[in-house]
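One-letter residues, chain by chain:
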Amino acid sequence: MNGILEQLAHAGKLLPITVVVAIVLFVVKEGLEARRRLKANERKRKAVRRLIADEIERNHWTIKRLRDGVSEIESHILKDDSALMIRASAIGERYFRREEGGQMAMQFPIGRVHAEALSSNLLALAEIDEAIFEEALKASDALKELDHVLKSMIEHLSNDNDRGFLKGFADYAKRKIADCEKTLQGFYKNVTSRALEEHRVR
């Protein structure tokens, strides 16, 4: 900035004062505008990172529930008196349910995979937060994989003919869930500088 002002002072010897003043005002205005944009981008960067961190914490809970479901499949798939299924509540919430002897033995909500905040902000991240953009793409892919595992579980447990495939599905699901969790943990650490420990239910 000092260099520019020195050049303008030198130009003042050659140009009318009104021209020099106009140039100075333009330079000052552009400097203030650039500073405003930087501050606005920093605020937006922090806001987007916060939204993404909250979303990962929600998915951390979904991962826990998926693991519980896989554990139930492994423990009870071969028991003739056990029936594993997915049930939906009146408001559309889905539950993993195990029945024994026709009676409910266990039930818990399985939730859903959350990806709205990340997917809707990918373009913004490319512009204002290049440091995590590439990792954001990997995290987005991991969430798609996680959603595939969840939908596959629902499909298999909703189809009695798929009971024989559940053992193979459980092995596959454990690997995919572990891979997805590792990706999300690394991404979360870069976004927040903290380890992923929180579970957000809502």
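Everything in this summary refers to the structure shown in the same document. (Residues numbered from 1 in each chain as written. Predicted model: local features only at pLDDT ≥ 70, side-chain atom pairs only at ≥ 80, totals over all residues. Heavy atoms only, no water.)

What follows is about the pairing of strand β3 (residues 103-109). As defined by bridge partners, strand β2 (residues 94-100) adjoins β3 across 6 bridges and the pair is classed as antiparallel. Within the sheet, the bridge partner assigned to Arg97 lies in β3 and is Gln107. In textbook terms, the turn of a hairpin is the stretch between consecutive antiparallel strands, and for β2 and β3 this stretch comprises 2 residues, one of which, Gly101, has a positive phi near 60°. (Pairing = 2+ DSSP bridges. Helix = DSSP H or I, 4+ residues; strand = E, 2+ residues; numbered from the N terminus.)

Now for the nonpolar core. With 41 residues, the main nonpolar core has Ile73, Phe96, Leu118, Met153, Ile177 and Phe187 as its most contacted residues. For this core, the secondary-structure elements that each account for two or more residues are α2 (17-76), β1 (82-88), β3, α4 (122-128), α5 (130-157) and α6 (166-192). Here this core takes 11 residues from α5, the largest share from any one element. Those residues in contact with Phe187 that sit more than four places away from it in its chain are Ile52, Ile56, Leu118, Ile132, Glu135, Ala136 and Ala139. (Core = buried A, V, L, I, M, F, W, Y, C linked by side-chain atoms within 4.5 Å. Buried < 20%, exposed > 50% of the residue type's maximum accessible area, 1.4 Å probe, protein only. Contact = heavy atoms within 4.5 Å.)

What follows concerns the pattern of salt bridges. Under the definition given, this model contains 15 salt bridges. The closest approach of N and O atoms between Arg50 and Asp54, which form a salt bridge, is 3.5 Å. Here Arg50 and its partner Asp54 are both found in helix α2, 4 residues apart, which amounts to about one turn of the helix. Classification of Asp54 by relative accessible area gives buried; the value is 13%. Residues joined in a network through salt bridges with shared partners are Arg45, Arg49 and Asp129. (Salt bridge = Lys/Arg side-chain N within 4 Å of Asp/Glu carboxyl O.)

This part takes up the packing of aromatic side chains. Inspection of the entire model under this criterion finds 2 aromatic pairs. With 6.5 Å between their ring centres and 45° between their planes, Phe169 and Tyr172 make a pair best called tilted. Of this pair, Phe169 and Tyr172 both sit in helix α6, 3 residues apart, which is roughly one turn of the helix. Overall, Phe169 belongs to the buried group, its relative accessible area being 5%. (Phe/Tyr/Trp six-rings, centres within 6.5 Å; stacked < 30°, edge-to-face > 60°.)

What follows deals with the environment of Arg87. In this fold, Arg87 is placed in strand β1. Expressed as a C-alpha distance, the spacing of Arg87 and Ile154, which sit 67 residues apart in the sequence, is 9.3 Å. Setting aside residues up to four positions removed in sequence, Arg87 forms contacts with Glu93, Arg94, Tyr95 and Arg97.

Let us look at the side chain of Arg98. Tracing the chain through its elements places Arg98 in strand β2. Discounting chain neighbours no more than four positions away, the residues touching Arg98 are Glu72, His76, Ser82, Ala83, Leu84, Gln103, Met104, Ala105 and Met106.

Turning to its location among the elements, Lys167 is positioned in helix α6. Judged by relative accessible area, Lys167 falls into the partly exposed class, the value being 46%. Distance in space between the C-alpha atoms of Lys167 and Glu74 is 6.6 Å, their sequence separation being 93 residues.

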